[in-house]
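Examination of the molecular architecture
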Amino acid sequence: KEQLDLLLSTLPKDQWDSPPEDSALYALKCYAEVYGKGKATKMGWWDYWYMKQTLPTQGEIFDLVAIEEDYQKQREEMRTGSKAAYFPVFIDFIDSGIQTKWRGPEPFAGDQ
């Protein structure tokens, strides 16, 4: 139930009946149409394995609000020309608190 709610949250409500083909909800709907109630009762091993490989897990489904916030943060960084510097540590990154200014006045321009 939680995974279905997360899949439904990735698309607007008007696209639930006919989701785009590149969405995970489309793949789930395809399996529901073939193996739904009153239809095929047994799933072959290959179909089951392929379904488990292609359907995203709960950790892979992102919250749309978090994606939008990250997009707005990236746009602000591009607009201001300031980017946070991170230190690589094993598998993760640690924020150093340093803001690098990668865009600013051109020191060699003759029109300034």
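Since this is a predicted model, take the numbers as computed values, not measurements.

We now examine the confidence of the model for the protein chain. On average, residues of the protein chain carry a pLDDT of 78, and 82% of them reach 70 or more. Looking at the elements of the protein chain, mean pLDDT is at its lowest for helix α1 (residues 2-9), recorded as 77, and at its highest for strand β1 (residues 82-89), recorded as 86.

What follows concerns the pairing of β1. Judged from the 7 bridges that link them, β1 and strand β2 (residues 92-101) form a sheet pairing that is antiparallel. Bridging from a neighbouring strand, Y86 pairs with D95 of β2. From the end of β1 to the start of β2, which pair antiparallel, there are 2 residues, and F90 there has a positive phi angle of about 50 degrees.

This part is about a nonpolar patch on the surface. Taken together, F87, V89, F90, I91, I94 and I98 make up a surface patch of nonpolar side chains, about 720 Å² in accessible area. Secondary structure elements with two or more residues in the nonpolar patch: β1 and β2. Mapped onto the fold, F87 is located in strand β1. When its relative accessible area of 49% is taken as the criterion, F87 is described as partly exposed.

Inspection of the secondary structure assignment puts I98 in strand β2. Under the relative-accessibility criterion, I98 is labelled partly exposed at 46%. In this structure the C-alpha to C-alpha distance between I98 and A84, which are 14 residues apart in sequence, comes to 5.8 Å. The residues touching I98, leaving out its near neighbours within four places in the chain, are K83, A84 and A85.

Criteria and thresholds
Residues numbered from 1 in each chain as written. Predicted model: local features only at pLDDT ≥ 70, side-chain atom pairs only at ≥ 80, totals over all residues. Heavy atoms only, no water. pLDDT = per-residue confidence, 0-100. Helix = DSSP H or I, 4+ residues; strand = E, 2+ residues; numbered from the N terminus. Pairing = 2+ DSSP bridges. Patch = residues over 30% accessible without salt bridge, like charges linked within 9 Å, V, L, I, M, F, W, Y side chains within 5 Å. Areas by Shrake-Rupley, 256 points an atom, 1.4 Å probe, with all protein chains shown as cover. Salt bridge = Lys/Arg side-chain N within 4 Å of Asp/Glu carboxyl O. Buried < 20%, exposed > 50% of the residue type's maximum accessible area, 1.4 Å probe, protein only. Contact = heavy atoms within 4.5 Å.

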